[in-house]
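Architecture at a glance
As a plain string of letters, each chain reads:
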Amino acid sequence: MWPNDRFIKLCGIELSIIQAPMAGSALSDMVVEVSHAGGLGSLACALLSVEHARKELETIRRRTTRPINANFFCHKPPRDDRARERNWRQRLDAYYTQLQADNNASIPQSGRAPFDETMCDLVMEFHPEVVSFHFGLPDKNLLRRVKSAGVKILSSATSVDEARWLEDQGCDAIIAQGFEAGGHRGMFLTGDVSTQVGTMALVPQVVDAVRVPVIAAGGIADARGILAAFALGAAAVQIGTAYLHCPEAQISPIYRQALKVMRDNETAITNVFTGRPARAIVNRFMCEVGPMSDVAPEFPLAAATLAPLRAKSEMAGSADFTPFWSGQTARLGRELPAADLTKQLAAEALRNLRSLRTVACGA
């Protein structure tokens with residue numbers, strides 16, 4: 001039995017494990033397998049068109065009746081800053097020359113769009129049991145529509161202030177995202193990533209500050225991390241990087257290999273790929289332009305100018321300009337199907353918990 005079953009009861013799942021919504025890497029195959037195993041599978045819709053999101057949700061609903069989570073970004077659209085765009089392009093000119101990319105080619109638009117009416121219509125159509133947001137919450141009218149569908153609302157907090165704000169806005173549970181987590185920081189009340197707190201320090205403070213269930217995220221990849229999260233008061237864990245090792249993960253062979261050999265100190269927080277701080281495996285572009293750059297345009301504009309360089313580099317078999325999002329515990333990952341990984345993580349965590357209880361009782 002889980003020591004804290006509030007989140008299980010809230011969402012109607014069996015295991016206190018959420019597969020993190022990793023945009024571009026986790027689609028219907030992974031969502032279905034995790035949900036079948038008793039956890040909460042998450043479909044990241046941030047990079048999907050409405051048509052693609054509908055297709056993925058149709059597939060999920062056809063293959064499982066278990067609860068699922070649909071995840072969306074809710075950032076504010078970037079300001080029009082031509083000077084900054086020009087400076088960013090000039091910063092990349094040498095790379096365009098080196099890779100023989102077309103300086104005059106039209107720059108593609110980034111696919112990262114904030115939650116809007118069309119995506120809200122999709123939620124109303126498919127009624128996922130859980131809807132989660134990153135970068136705060138959407139417009140109040142949109143949030144009201146989502147809540148009217150009877151779904152549970154989650155969002156990420158990187159500080160106690162953000163957690164309290166989310167609770168005040170009506171979130172049913174809060175994801176406490178620590179500094180160790182891979183991918184984009186969920187921060188929205190501040191942009192100062194230098195002050196972000198680690199998971200072990202953040203979770204108990206958020207637990208003390210809010211009344212709703214708290215989900216620990218960041219640096220959790222095995223039973224020891226799950227056990228630690230519950231000891232700190234969490235009601236569930238959200239795990240991302242560990243699932244990237246699963247065959248269901250939609251990642252390239254070079255990305256998969258990078259995760260296999262990555263050491264604990266080979267990731268960094270960077271904004272050069274998208275314009276927002278995110279943790280990725282260190283590569284050439286991060287080292288030479290960042291990892292944090294004042295020149296990078298606002299999220300998500302930085303990605304668009306980088307796209308031609310990324311395409312040219314990948315065609316040559318290089319990952320110099322490609323973001324490989326990863327948390328700090330990639331080396332703890334296991335190459336297992338997503339359902340098996342979910343079940344094993346839960347079984348090992350519960351077994352360790354029983355052992356600790358036995359030791360405590362014997363003492």
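The rules we used
Residues numbered from 1 in each chain as written. Predicted model: local features only at pLDDT ≥ 70, side-chain atom pairs only at ≥ 80, totals over all residues. Heavy atoms only, no water. Helix = DSSP H or I, 4+ residues; strand = E, 2+ residues; numbered from the N terminus. Rg over C-alpha atoms; globule rule 2.2 N^0.38 Å. Buried < 20%, exposed > 50% of the residue type's maximum accessible area, 1.4 Å probe, protein only. Contact = heavy atoms within 4.5 Å. Areas by Shrake-Rupley, 256 points an atom, 1.4 Å probe, with all protein chains shown as cover. Lys, Arg positive; Asp, Glu negative; His and termini not counted. Charge placed at Lys NZ, Arg CZ, Asp CG, Glu CD. Pairing = 2+ DSSP bridges. Axes fitted to C-alpha atoms, helices over the stretch in contact; angles between N-to-C directions. Core = buried A, V, L, I, M, F, W, Y, C linked by side-chain atoms within 4.5 Å. Polar contact = N/O pair within 3.5 Å; in protein donor to acceptor, adjacent residues only side chain to side chain. Phe/Tyr/Trp six-rings, centres within 6.5 Å; stacked < 30°, edge-to-face > 60°.

This part covers the overall build of the protein chain. Scanning the protein chain from N- to C-terminus turns up 13 helices and 11 strands. Compactness check: the protein chain gives a C-alpha radius of gyration of 20 Å against a globular reference of 21 Å for 363 residues, within 12% of the reference. Taking the principal axes of its C-alpha atoms as reference, the protein chain extends roughly 70 × 45 × 40 Å. Per-residue burial over the protein chain gives 55% buried out of 363 residues. Residue pairs at least 24 apart in sequence account for 66% of intrachain contacts in the protein chain once pairs closer than 6 positions are excluded. Here the protein chain displays about 15500 Å² of accessible surface, and carbon together with sulfur accounts for 51% of that area. In the protein chain, 39 side chains carry a positive charge and 38 a negative one; their mean positions are 3 Å apart.

If you walk across this open sheet you meet the eight strands as S1-S9-S8-S6-S5-S4-S3-S2, and the pairing is parallel. Each having just a single partner strand, strand S1 (17-19) and strand S2 (41-44) make up the two edges of the open sheet. Mean inter-strand twist for the sheet, computed between neighbouring axes without regard to direction, equals 25 degrees. Direction of pairing for S2 relative to strand S3 (residues 68-73): parallel, over a ladder of four bridges. Residue pairing in the sheet places Leu43 in a bridge with Ala70 of S3. Against the sheet, helix H9 (residues 223-231) contacts S1, strand S8 (214-217) and strand S9 (236-239), and its axis sits at roughly 140 degrees relative to S9.

Grouped together as the largest cluster of nonpolar side chains are 114 residues, with contacts concentrated most on Phe7, Ile226, Tyr243 and Phe285. Counting residues per element, this core draws most heavily on helix H13 (residues 338-362), which supplies six residues. Setting aside residues no more than four positions away along its own chain, Ile226 makes contact with Trp2, Ile17, Ile220, Val237, Ile239, Leu345 and Ala349.

Relative to the helices and strands, His134 is located in strand S4 (residues 130-134). For His134, a relative accessible area of 11% translates into the label buried. A distance of 3.2 Å separates a polar atom in the side chain of His134 from a polar atom in the side chain of Ser156. If near-sequence neighbours (up to four positions away) are discounted, His134 is found in contact with Asn71, Phe72, Phe73, Cys74, Ser155, Ser156, Gln177, His184, Arg185 and Gly186.

The next thing to look at is the sheet that holds strand S7 (residues 183-184). One open sheet accounts for three strands, arranged S7-S11-S10; its pairing is antiparallel. The open sheet has two free edges, formed respectively by S7 and strand S10 (267-270), since each of these has just one partner strand. Sheet analysis places S7 next to strand S11 (residues 278-281), joined by two bridges and oriented antiparallel. By the bridge assignment, Gly183 is partnered in S11 with Arg279.

Now for the packing of aromatic side chains. The full count for this structure, using the stated rule, is 15 aromatic pairs. Ring geometry for Phe72 against Phe115: centres 4.7 Å apart, planes inclined by 55 degrees, an arrangement best described as tilted. With a gap of 43 residues between them, Phe72 in strand S3 and Phe115 in the loop between helix H4 (82-99) and helix H5 (117-126) connect regions that are remote in the sequence. Note on Phe273 and Trp325: the rings are 6.0 Å apart at their centroids and 90 degrees apart in plane angle, and the pair reads as edge-to-face.

The subject of this paragraph is the environment of Arg164. As for its position among the elements, Arg164 is in helix H7 (residues 160-168). Judged by its relative accessible area of 41%, Arg164 is partly exposed.

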